[in-house]
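The chain contents come next:
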Amino acid sequence: MPRPTRPETSVLVRERLAKDANDVDALFVLAAMRTQAGRVDEGLSILDRVLVIDPSYPGAWFFKEKLHRMRGEPDEAASARVRGEAEQA
Amino acid sequence: MSTGHEMIKLKICMAGEAMVGKTSLIRRFVLDEYDDRYTATLGTKITKKRVTVEHPADRRPLDVDLILWDIMGTPTLRDLLKEAYYHGAQGILGVADLTRTETLHELDDWSRSIREVAGDIPTYVVVNKVDLKEQRQLDEAAIQEHCRVRNAPWTYTSAKTGEGVEEAFQGLVGRILRHRD
């Protein structure tokens, strides 16, 4: 019997968002994929959408901190970190 | 429900490649259930479980709220998301698959990424899918040597049958408590 394989992450994201455009897991991973592809602004915009849908989404504030640092925005990064610490407390 | 014992919270991150059984191990540990169908994890899922343990130093009872982070096994996004997932982690349950040799060696990359964020936190290795002995690729000597060099205790588990699952989580909790003292 052939061993099952994990579908490509990009395919999973597409499928999940086709079923539910507000799927936070898929949106979070999409934000990461866009960032990975060098499209940091787009990644941050998608991540902000995640945080509107679920302000407690695991790890999202620390990811936001990282994206603001990548954009050279230390103040926004610091406040995202504070929020991340509070969510995880 | 409070037992009057001292209470602490521990964040544990599951680490390992896709399809090694991270989600199934949590499901077995927390719900004592198993589902044969594979559902890929996207992003992360947090599951909580309270356990009562004896503190290894003085045997006083402790209530431990375990916060289990089930993180998708996608290596290409691992470094980008390491701060998001591993900030504040206190222990690593590294999961390898008995039927895929490479999954043991790839644990090094997962551990490295976690430690870059969380520091030198305790690790416990489980070699999962021990119910699939006829498809075994990892031999015991190789597992022992891998874990000996990295000073990580290990055990076989089966999320399907439940073998070793409780012991693995308890073992990691004990190691974290010793590490904290």
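Presented here is a report on the structure given in the accompanying data block.

1. With respect to the nonpolar core
So, step 1. By size, the foremost hydrophobic cluster in this structure holds 43 residues, and its most contacted members are Val-13, Phe-28, Leu-47 and Phe-63 of chain A together with Leu-81 and Tyr-85 of chain B.
So, step 2. Among the elements that make up this core, the one with the highest residue count is helix α2 (residues 24-36) of chain A (9 residues).

2. Here's the deal with the pattern of salt bridges
Residue and element names in this part refer to chain A.
So, step 1. Following the criterion strictly, the structure yields 27 salt bridges over all chains and no others.
So, step 2. Between Glu-73 and Arg-71 there is a salt bridge, and its shortest N-O distance comes to 3.0 Å.
So, step 3. For Glu-73, a relative accessible area of 18% translates into the label buried.
So, step 4. The class of Arg-71 is partly exposed, set by a relative accessible area of 34%.
So, step 5. In this structure, the salt-bridge partner of Arg-83 is Glu-87, at a minimum N-O distance of 3.2 Å. Taken together, the residues Arg-83 and Glu-87, both in helix α5 (residues 74-88) and 4 residues apart, mark about one turn of the helix.

3. Here we look at unusual backbone geometry
Residues and elements named next belong to chain B.
So, step 1. With phi around 65°, Arg-59 is a residue other than glycine that occupies positive phi space.
So, step 2. Along the chain, Arg-59 falls in the loop between β2 (44-54) and β3 (61-71).
So, step 3. Judged by its relative accessible area of 58%, Arg-59 is exposed.
So, step 4. Phi at Lys-129 takes a positive value of approximately 70°, unusual for a residue other than glycine.

4. Re empty space enclosed by the protein
All names here are of chain B.
So, step 1. In total, this model carries 1 cavity of 30 Å³ or more according to the counting rule given.
So, step 2. Volume-wise, the largest cavity comes out at about 50 Å³.
So, step 3. Forming the boundary of the largest cavity are Ile-71, Met-72, Thr-74, Leu-77, Arg-78, Leu-81, Tyr-85, Tyr-86 and Trp-110.
So, step 4. Looking at the lining of the largest cavity, its residues break down into 7 nonpolar, 1 polar and 1 charged.

5. Focus on the interface of chain B and chain A
So, step 1. Listed per partner, the contact involves 28 residues of chain B and 27 residues of chain A.
So, step 2. Carbon and sulfur atoms supply 62% of the area buried between chain B and chain A, which totals about 2,200 Å² over both sides.
So, step 3. When residues of chain B are sorted by the area they lose upon contact with chain A, Leu-42, Leu-80 and His-87 of chain B head the list and together hold 32% of the total.
So, step 4. Here chain B is connected to chain A by 2 salt bridges.
So, step 5. Across the salt bridge formed by Lys-45 of chain B and Asp-25 of chain A, the nearest N and O atoms sit 2.5 Å from each other.
So, step 6. Between the two partners, chain B and chain A, sit 9 residue pairs in polar contact (both at pLDDT 80 or more).
So, step 7. Sorting the residues of the side of chain B that touches chain A by element identifies β1 (6-15), β2 and α2 (82-86) of chain B as the ones contributing at least two each.

6. Some remarks on the packing of helix α4 (residues 60-70) of chain A against α5 of chain A
All names here are of chain A.
So, step 1. Two numbers describe how α4 lies on α5: the axes approach to 8 Å, and their chain directions differ by 170°. On the basis of the axis angle, α4 is roughly antiparallel to α5. Facing α4, whose interface residues are Trp-61, Phe-62, Lys-64, Glu-65, His-68 and Arg-69, α5 presents Pro-74, Glu-76, Ala-77, Ala-80, Arg-81, Arg-83, Gly-84, Glu-85, Glu-87 and Gln-88.

7. Thoughts on the packing of aromatic side chains
So, step 1. Applying the stated criterion to the full structure yields 6 aromatic pairs over all chains.
So, step 2. Considering the side-chain rings of Phe-28 of chain A and Tyr-57 of chain A, the 5.0 Å spacing of their centres and the 40° angle between planes classify their relative orientation as tilted. Here Phe-28 of chain A, found in helix α2, pairs with Tyr-57 of chain A, found in the loop between α3 (40-53) and α4; they are 29 residues apart in sequence, far enough to count as distant.
So, step 3. Its relative accessible area of 0% is what places Phe-28 of chain A among the buried residues.
So, step 4. Overall, Tyr-57 of chain A belongs to the buried group, its relative accessible area being 4%.
So, step 5. The structure contains a cluster of three or more aromatic residues connected by ring pairs, namely Phe-28, Tyr-57 and Phe-63 of chain A together with Tyr-85 and Tyr-86 of chain B.
So, step 6. Positioned above the aromatic ring of Phe-29 of chain B, the side-chain terminus of Lys-49 of chain B is 4.3 Å from the ring centre.
So, step 7. One residue, Arg-78 of chain B, lies across the ring of Trp-110 of chain B, its end atom 4.5 Å from the ring centre.

8. Concerning the environment of Glu-42 of chain A
Residue and element names in this part refer to chain A.
So, step 1. By the secondary structure assignment, Glu-42 is in helix α3.
So, step 2. By relative accessible area, which is 31% here, Glu-42 ends up partly exposed.
So, step 3. Taking C-alpha positions, Glu-42 is 9.8 Å from Ala-32, a pair spaced 10 residues apart along the chain.
So, step 4. Among the polar contacts listed, one links the side chain of Glu-42 to the side chain of Arg-39, at a separation of 2.8 Å.

Cut-offs and rules
- All residue numbers here refer to positions counted from 1 along the written sequence of the relevant chain.
- Lettering for chains starts from A, numbering for ligands starts from 1, and both go in the order in which the items are written.
- In keeping with the predicted nature of the model, local features appear solely for residues at pLDDT of at least 70, side-chain atom pairs appear and are counted solely at 80 or more, and the whole-chain, interface and lining totals rest on all residues.
- Only hydrogens and water are set aside when side-chain values are computed; all heavy atoms of the structure are taken into account.
- What we call a nonpolar core is a set of buried Ala, Val, Leu, Ile, Met, Phe, Trp, Tyr and Cys residues that are connected through their side-chain atoms within 4.5 Å.
- Relative accessibility thresholds used throughout: buried, under 20% of the residue-type maximum; exposed, over 50%; partly exposed, between the two (1.4 Å probe, protein chains only).
- What counts as a helix is a DSSP run of H or I of at least four residues, what counts as a strand is a run of E of at least two, and both are numbered from the N terminus.
- When a carboxyl oxygen of Asp or Glu lies within 4 Å of a side-chain nitrogen of Lys or Arg, that pair is called a salt bridge.
- The definitions used throughout rest on a 1 Å grid laid over the protein atoms alone, on which a cavity is an enclosed set of points accommodating a 1.4 Å probe that cannot get out and a pocket is an open set flanked by protein within 12 Å on both sides along at least five of seven lines; lining residues are those having an atom within 4 Å of a point.
- Grid points are joined across faces, edges and corners, and a volume is the space filled by probe spheres set on the points.
- Residues are sorted three ways: Asp, Glu, Lys and Arg are charged, Ala, Val, Leu, Ile, Met, Phe, Trp, Tyr, Cys and Pro are nonpolar, and all the rest, Gly among them, are polar.
- The contact criterion used throughout is that any non-hydrogen atoms of two residues lie within 4.5 Å.
- What gets called buried area is simply the loss in accessible area from a 1.4 Å probe that two parts show on being joined, summed for both.
- Here a polar contact means two N or O atoms within 3.5 Å. Within protein one must be a hydrogen donor candidate and the other an acceptor candidate, and residues neighboring in sequence count only if both atoms are side-chain atoms.
- Fitted lines through C-alpha atoms give the axes, limited to the stretch in contact for helices. The angle between two N-to-C directions lies from 0 to 180 degrees.
- Any angle from 65 to 115 degrees is called roughly perpendicular, while one under 35 is roughly parallel, one over 145 is roughly antiparallel, and all others are oblique.
- Two aromatic rings from Phe, Tyr or Trp, using only the six-membered ring of Trp, form a pair when their centres are within 6.5 Å; if the ring planes differ by under 30 degrees the pair is stacked, by over 60 it is edge-to-face, and anything between is tilted.
- Charge-over-ring placement is defined geometrically: NZ (Lys) or CZ (Arg) within 6 Å of the ring centre, and within 35 degrees of the ring normal.

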